[in-house]
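Chain by chain, the residues:
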Amino acid sequence: MNLEKNKINQIFLIGQSGSGKTTIGKKLSKNLSFSYVDTDEYIENKLKLTISEIFQTKGEAFFRSNEKDLVKELSLSTKIVISTGGGLPENEETFDLMKKNGFIIWIKSSPKEIEKRLIDSNKNHRPLLFNNNLNLIDNLESQLKKRYDVYSRADLIINNDNIDENETTKLIEKELINYG
């Protein structure tokens with residue numbers, strides 16, 4: 001797929017943990033011949049700590065600052081798909097950078113759908129979902145309520161309940177053709 005005519009050079013995938021951003025981002029970047037970055041993986045590799053370890057030892061504010069710095073750095077890139085951490089868009093300055101420099105797609109999954117996907121997931125990668133007193137579905141619903149207004153500001157919303165990442169990627173590609 002060629003996006004030359006519509007000038008989309010940076011695609012940011014936002015949404016809750018477990019919505020499929022990483023898997024979809026990798027497939028989408030391959031299909032578009034774009035490079036790919038997962039912000040959580042990038043920060044983990046840079047700091048040589050897991051997300052959970054970063055939250056425990058350095059705190060959430062430190063992590064969010066690293067996310068913002070990374071988005072600033074990536075704003076200089078072209079032909080790139082960027083999968084963001086679930087909370088990254090909550091920082092207004094970070095969201096504005098994404099909006100100014102790229103095309104934002106909300107991979108929207110219901111809490112029930114995400115719960116199905118996360119039951120056997122790596123809990124250390126998702127500290128805000130598993131490290132408190134709420135059960136997983138209550139956490140997901142609470143997060144979605146908190147982040148809904150931010151996520152809703154995306155340029156494109158793709159609901160991927162009950163469809164796999166291949167179908168979701170095809171839906172995104174079909175929609176991207178219409179933008180420009």
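## Considering the overall build of the protein
No. 1: Along the backbone of the protein there are nine helices and five strands.
No. 2: When the elements of the protein are put in sequence order from the N terminus, they spell out β-α-β-α-α-α-β-α-β-α-α-α-β-α.
No. 3: Classification of the 180 residues of the protein by burial places 48% in the buried group.
No. 4: Counting contacts in the protein only where the partners sit at least 6 residues apart, residues at least 24 apart contribute 74% of the total.
No. 5: Of the roughly 9,200 Å² of accessible surface on the protein, 46% is carried by carbon and sulfur atoms.

## Side note on the sheet that holds strand S4 (residues 103–108)
No. 1: Sheet architecture is open: five strands sit in the order S2-S3-S1-S4-S5, paired in parallel fashion. The open sheet has two edge strands with one neighbour each: strand S2 (35–38) and strand S5 (156–159). Along the sheet, successive strands turn relative to each other by an average axial angle of 20°, direction set aside.
No. 2: As paired elements, strand S1 (residues 10–14) and S4 share four bridges and run parallel to each other. When the bridges of S4 are listed, Ile14 appears paired with Trp106.
No. 3: The sheet strands contacting helix H2 (residues 39–47) are S2 and strand S3 (80–83), and the helix crosses S2 at an angle near 70°.

## Considering the pairing of S5
No. 1: Only one face of S5 is covered, namely the face carrying Leu156 and Ile158; the face carrying Ile157 and Asn159 is uncovered.
No. 2: In this sheet, S5 lies alongside S4 in parallel orientation, the contact comprising four bridges. What sits directly across from Ile107, in S5, is Ile158.

## Describing the pattern of salt bridges
No. 1: Enumeration according to the criterion identifies 10 salt bridges in this entry.
No. 2: The salt bridge partner of Glu93 is Lys68, with a shortest N-O separation of 3.4 Å. Separated by 25 residues along the polypeptide, Glu93 in helix H5 (residues 92–101) and Lys68 in helix H4 (residues 60–74) bring together distant segments of the chain.
No. 3: Residue class for Lys68 comes out buried when judged on its relative accessible area of 19%.
No. 4: Residues joined by salt bridges that share partners form a network here, namely Glu60, Arg64 and Glu67.

Parameters at a glance
- For every chain, the first residue of its written sequence is number 1, and the numbers climb from 1 along that sequence.
- Confidence filtering applies because this is a predicted model: local features only for residues at pLDDT of at least 70, side-chain atom pairs given and counted only at 80 or more, and all residues used for totals across whole chains, interfaces and linings.
- Side-chain figures throughout are based on the complete set of non-hydrogen atoms in the structure, without hydrogens or water.
- Helix and strand assignments come from DSSP, with helices taken as H or I runs of at least 4 residues and strands as E runs of at least 2, each series counted from the N terminus.
- Partly exposed residues are those whose accessible area sits between 20% and 50% of the maximum for their type, while under 20% is buried and over 50% is exposed, using a 1.4 Å probe and protein chains only.
- Only heavy atoms matter for contacts: two residues are in contact if any of them lie within 4.5 Å across the pair.
- For accessible areas, the Shrake-Rupley method is used with a probe of radius 1.4 Å. Any residue's cover is judged against the shown protein chains and nothing else.
- Here, a strand pair is defined by DSSP locating no fewer than two bridges between the strands.
- Note on geometry: axes are lines fitted to C-alpha atoms, helical ones only across the stretch in contact, with angles between N-to-C directions running from 0 to 180 degrees.
- The salt bridge definition used is simple: a Lys or Arg side-chain nitrogen within 4 Å of an Asp or Glu carboxyl oxygen.

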